[in-house]
Amino acid sequence: MGSQGGFGQSKEFLDLIKSIGEARSKAEEDRIVLHEIETLKRRITEPDIPKRKMKEYIIRLVYVEMLGHDASFGYIHAVKMTHDDNIHLKRTGYLAVTLFLNEDHDLIILIVNTIQKDLKSDNYLVVCAALNVVCKLINEETIPAVLPQVVELLGHQKEAVRKKAVMALHRFYQRAPSSVNHLISNFRKRLCDNDPGVMGATLCPLYDLITIDVNAYKDLVASFASILKQVAERRLPKSYDYHQMPAPFIQIKLLKILALLGSGDKKASEQMYTIVGDIMRKCDSTSNIGNAVLYECICCISSIHPNPKLLESAADAIAKFLKSDSHNLKYLGIDALGRLIKLSPEIAEQHQLAVIDCLEDPDDTLKRKTFELLYKMTKSSNVEVIVDRMIDYMININDSHNKTEIASRCVELAEQFAPSNQWFIQTMNRVFEHAGDLVNPKVAHNLMRLIAEGFGEEDDTADSQLRSSAVESYLRIVVEPKLPSTFLQVICWVLGEYGTADGKYSASYITGKLCDVAEAYSTDDTVKAYAISALMKIYSFEIAAGRKVDVLPECQSFIEELLASHSTDLQQRAYELQAILGLDANVATNIMPMDASCEDIEIDRSLSFLNGYVQQSIEKGAQPYIPESERSGMTDVSSFRSQELHEVSSHALRFEAYELPKPVMPSRVSPIEQSSSNELVPAPEPSYHAEMHQVASSVPSVSDPGSLELKLKLDGVQRKWGRPTYSSAAPSTSNADIPKIQNGAPQLDAVSSSSSKAVSYDSRRQQVEISAEKQKLAASLFGGTSKSHKRQSSGSQKVPKTNIPAAEKSHVAKNATSDTAVLERTPQPPPDLLDLDESAVSSSAQSVDPFKQLEGLLDLNQDTSTLTTSDASASGAPDVMSLYGETTLNVQSGGVPNLLPAGRDEANLLSGLAGTPNRNGHGENTVTNPTQQLNKGPNAKESLEKDALVRQLGVTPTGQNPNLFRDLLG
Amino acid sequence: MIHFVLLISRQGKVRLTKWYSPYPQKERTKVIRELSGLILPRGPKLCNFVEWRGFKVVYRRYASLYFCMCINQDDNELEILEIIHHYVEILDRYFGSVCELDLIFNFHKAYYILDELLIAGELQESSKKTVARHIAAQDSLVETAKEQASSLSNIIAEATK
């Protein structure tokens, strides 16, 4: 088949691929590609290139572009190739343009005509190729050009065409919903298509439509449920089976749709309970795809109107996921738990240990997911532990996108659930210190406001205590190097406002600190502005208090520097400060009142205090003020512009062929032209059309006025309508964070390695130990224990581990009494007296619970029948066995037929594929399909042929390019 | 929705890229570099998913080749993992014991197959047989087209002699 007739490319191309395969560095690869680009540039412009050759050049261009280089010089040739009548070349051309061009590329206009023609072709393969391009390249302006044909193709006799037409229409809907709004009913019709492929494809647009407007599709609930039932009952052709599951991809899509339709709708949900329950029961939880369907069922159950029976089976499935050895399933389990927790919060408590395991897992993906779960289950009772953990985690990551997300979550949780303002300020300080440049500036203002306003209670002493503790902490922090700008702004503001308020620090001390800040961050104008304003406040407070102001020499030089600053804002602030220094106490109190940042300032928007001045000026003969709206000459510009815009947007592009010139021409056309156009009239339409096409295909960049005009308009339209191209949302990592990360990295390593060591080496011996620690964490996370206990537990988390000598550790497993002694070290949580609601009950239960459970663990340690340990150890042992069993099986089934092609057996991907899951440790995919095994027989011959061919071409594995082959052989 | 499909070798060499969402060329290079840095060093026992720029990238390793697909936050990762496998199975059936070398030299064919499987970032066909049949039809048509073209050129050559 594919590779039998050789690779079908010239020696030259094969050499290129070979040399790139051999390239040792990216620089070398780039050099080779740049050379190739030069060659192609030269070759491709030669006259009379044979078409076959041209096709290869196009494929080489694709290759160059795939490697990340610019091949735009050849785009036009790819476009030209789409015009070819030979389907072979046309397909290559189409492939190349879909890979080269984006939907807003200028060249698309040159393909539209070809697409229109091809959509009408008798050959369904040509139509399919054209529809592929339609899906990728047709944009909002060109939709009208192909829309009628695509709609017509929805009824094509070939199912492949109908399917692609549905997808194309879906794409149109995504691009410009308004353009196809009237055609939406077609999707409903196609749902009843007798080809399952078309029906499956129709689910994609329907899912989108239902997401936008659920209510319009409530009538389809029964249909979807019955389709799902039929699919699950294997009514679809056998060819849709995948790993013994009946059409799982269609099932998943349907479950997604049902989840949308049943959300918050009891009546609709009732229609789907039976089938969803059936599917959950039938799911084969040993295969990946079975678990994918199972997971989708859980998502569906958690979205629709709750049903206790289904919730129960969903909880069971989650338990299975979480207990699995596969990280993938654990991940899904955590995700599913996060979904279900909204409906039944108590479910989390069953899995607390599993969740904590995931939280401490070395796999970052799993960790992140677990933090997401914690974020979802945060309450005022566990906010401290969770936010604490989140910040610890945040400090150690350097992916700015992730960091931003976690930082903003910390802020959100802290704002929502903060148990005390003290804690809130401390938490905010930590967040700002480590991710200050990533959080929303609004958060900084919230923090300043909170410090200024206090708790809202009329308790002034608490407020001033809060402020002085804030000042104190900031004075401590401010000496640290490289703080984020936002945080410095907060610090400067607080120091200025409250630095001297409690009289603990002298004005010269605070001003000295502020000057240090301004000096250390001399490139940051905003910080400097905050600093000088803070100085201004402190000096005026001093003046108001009647003390003598002595300006430190460094402050003096700082002020002088700003007096000459390029920034007018800084200059103004400096001059204001100078002015204030010369004022007396009375005036200073008036302009800079103490602690007045929260007081409202009345603003006279009409500037009535100037009325007298205005009156005076008018009397002296000044021109009266005319409001902008009443001025006449000014309006022209703006209205002119809007008019112009309107004109541009109202010009729609036309894609129909030009109409034949009419004999009657407008009067201003000269008689000569008129006669020539008259001559044209008798010409039959087909030839005219062909001529047009020829012109377009031979010289696409032809500069006839028509196309030029079209292009110009397109530009205008594009600027207005063009979609913004993809732009990275991630801001660059702040410099300030880098040293922290470097410092943090080894720490993280040490922690993770020690924990993994603990788990892997003597996991069984330490089981009790670890779970004691985890129990505590679990209790603080999941139970409603008192706050004071939580803080203790989070602080002393690592204590037992380090304190207990190794000898004692080994004792632990055997000796129950010594262990309880260990346990007694952990502080007994005092019952929470403040929480009088449900948490009071649970907290008392919780405070006993861990110990009880632990006792159970210890007593029964020998026979390991307690839930937690038995799960871990029991599931560990048999799984390993079964894995091995499957491994050997696989080696036999995959390896034997492949022995024939000497030395190349492992090069085949599927045998590698059979190996990967084994290495991954999940047994799910090791079952190679019987069909695949059948394939292996004849494939041995093919592999041999491939091998021979490759050797013939000189790209042998034994040659000088081991890099290209080593891994496949290994 | 799938935003893009990447095939990267273990050494970080690009074997195939298909972008369903608009990414300018510069951005593409950056994305590939970022993701190879993220995915290639991951151990075998870890999740087959990584979170990246608010998206999720699902990857799977076959011999020395990594198949990666980028999806939205709310998509089903395990399903995507199986779509990757589905694609590999189809490739395997088409090439006969597919190996990385097949994809290196026949990357355009891998593209054609991908186009039959995914369209506009959605799974369009979940039946292996249907995809295989369609690809075979295209191949045979290409063959006949080639023959026709050569016979036609022969006739022309004869006539113009």
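What counts as what
- Numbering of residues starts from 1 in each chain and follows the order in which that chain's sequence is written.
- Chain labels run from A onward and ligand labels from 1 onward, assigned in the order the entries are written.
- For this predicted model, a pLDDT threshold of at least 70 governs which residues receive local features, and a threshold of 80 or more governs which side-chain atom pairs are given and counted, while totals over whole chains, interfaces and linings are taken from all residues.
- In computing side-chain values, all of the structure's heavy atoms are included and hydrogens and water are not.
- Put simply, DSSP H or I for four residues or longer makes a helix, DSSP E for two residues or longer makes a strand, and each gets a number counted from the N terminus.
- Partly exposed describes any residue whose relative accessible area lies between the buried limit of under 20% and the exposed limit of over 50%, with all areas from a 1.4 Å probe on protein chains only and scaled to the type maximum.
- Whether two residues are in contact is decided by their heavy atoms: any pair within 4.5 Å suffices.
- The Shrake-Rupley method, run with a 1.4 Å probe sphere, supplies the accessible areas, and residue values consider only the shown protein chains as cover.
- The pLDDT score gives, residue by residue, the confidence of the prediction method on a 0 to 100 scale.
- Note on patches: the residues involved have over 30% relative accessible area and no salt bridge, like charges join within 9 Å, and the nonpolar side chains Val, Leu, Ile, Met, Phe, Trp and Tyr join within 5 Å.
- Whenever a carboxyl oxygen of Asp or Glu lies within 4 Å of a side-chain nitrogen of Lys or Arg, that contact is scored as a salt bridge.
- Two aromatic rings, drawn from Phe, Tyr or Trp (for Trp, its six-membered ring), form a pair once their centres lie within 6.5 Å of each other, and the interplanar angle then sorts them: stacked below 30 degrees, edge-to-face above 60, tilted otherwise.
- Two thresholds decide whether a charge sits over a ring: the Lys NZ or Arg CZ must be within 6 Å of the ring centre and within 35 degrees of the ring normal.
- Axis definition: a line fitted to C-alpha atoms, over the contacting stretch in the case of helices. Angles run 0 to 180 degrees between N-to-C directions.
- Here the word oblique covers every angle except those under 35 degrees (roughly parallel), over 145 (roughly antiparallel) and from 65 to 115 (roughly perpendicular).
- Crossing handedness: left-handed means the near helix sits turned counterclockwise from the far one by under a right angle, and right-handed means the same turn made clockwise.
- The buried area of a pairing is the accessible area, by a 1.4 Å probe, that goes missing from both parts when the two are put together, added over both.
- Distance and chemistry together define a polar contact, namely a pair of N or O atoms within 3.5 Å, with one atom able to donate a hydrogen and the other to accept it when in protein, and with adjacent residues in sequence counting only for side-chain atoms on both sides.
- Each residue is assigned to one of three groups, with Ala, Val, Leu, Ile, Met, Phe, Trp, Tyr, Cys and Pro labelled nonpolar, Asp, Glu, Lys and Arg labelled charged, and all others, Gly among them, labelled polar.

Let us now look at the overall build of chain B. For chain B, the count of helices and strands is 5 helices and 7 strands. Reading chain B from its N terminus to its C terminus gives the helix and strand order β-β-α-β-β-β-α-α-α-β-β-α. When burial is assessed residue by residue, chain B has 68% of its 161 residues classed as buried. When contacts within chain B are restricted to residue pairs at least 6 apart in sequence, those whose partners lie at least 24 apart make up 45%. Accessible area of chain B: about 5,000 Å², with a carbon and sulfur share of 57%.

All names here are of chain B. Here chain B shows a mean pLDDT of 87. Residues at 70 or above account for 91%. Highest mean pLDDT in chain B belongs to strand β5 (residues 65–71) (94); lowest belongs to helix α5 (residues 128–160) (75). On the interface metric, ipTM, the complex scores 0.90, and its pTM is 0.67.

Further remarks concern a nonpolar patch on the surface. A contiguous nonpolar surface patch, about 590 Å² in accessible area, is contributed by Leu607, Phe609, Leu610, Tyr613, Val614 and Ile618 of chain A. With respect to the secondary-structure elements, Leu610 of chain A resides in the loop between α32 (585–591) and α33 (611–619).

Per the stated rule, a full pass over the model turns up 21 aromatic pairs over all chains. Arranged with centres 6.2 Å apart and planes meeting at 75°, the rings of Trp493 of chain A and Tyr498 of chain A form a pair that is edge-to-face. Here Trp493 of chain A matches Tyr498 of chain A in class, with each residue buried. Arranged with centres 6.4 Å apart and planes meeting at 80°, the rings of Phe107 of chain B and Tyr111 of chain B form a pair that is edge-to-face. Here Tyr111 of chain B and Phe107 of chain B lie together in helix α4 (residues 107–117), a separation of 4 residues that amounts to about one turn. The two residues Phe107 of chain B and Tyr111 of chain B agree in class, both being buried. Of the aromatic side chains, those joined through ring pairs into one cluster are Phe4, Trp19, Tyr23, Trp52 and Phe55 of chain B. One residue, Lys158 of chain A, lies across the ring of Tyr124 of chain A, its end atom 4.6 Å from the ring centre. One cation-aromatic arrangement involves Lys253 of chain A over Tyr207 of chain A; the distance from NZ or CZ to the ring centre is 5.5 Å.

A few words now on the packing of helix α24 (residues 421–435) of chain A against helix α26 (residues 460–477) of chain A. Residues and elements named next belong to chain A. Contact geometry for α24 and α26: axes closest at 10 Å, N-to-C directions at 25°. As the angle between them shows, α24 and α26 are arranged roughly parallel. Once α24 is placed against α26, the crossing between them reads as right-handed. The segment α24 lies against α26, with Asn421, Gln422, Ile425, Asn429 and Glu433 engaging Leu466, Ser469, Ser473, Tyr474 and Ile477.

Let us look at the interface of chain B and chain A. Counting residues at the interface gives 91 residues for chain B and 103 residues for chain A. For the pairing of chain B and chain A, the buried interface totals around 9,200 Å² over both sides, and the portion due to carbon and sulfur atoms is 55%. Three residues stand out in chain B for area buried against chain A, namely Glu51, Leu78 and Phe105 of chain B, and they jointly supply 8% of the buried area on that side. Joining chain B to chain A, the criterion identifies 8 salt bridges. Across the pair Asp75 of chain B and Lys256 of chain A runs a salt bridge whose closest N-O atoms are separated by 3.9 Å. Summed over the shared surface of chain B and chain A, the number is 23 residue pairs in polar contact (both at pLDDT 80 or more). Per-class residue counts for the side of chain B that touches chain A are 38 nonpolar, 20 polar and 33 charged.

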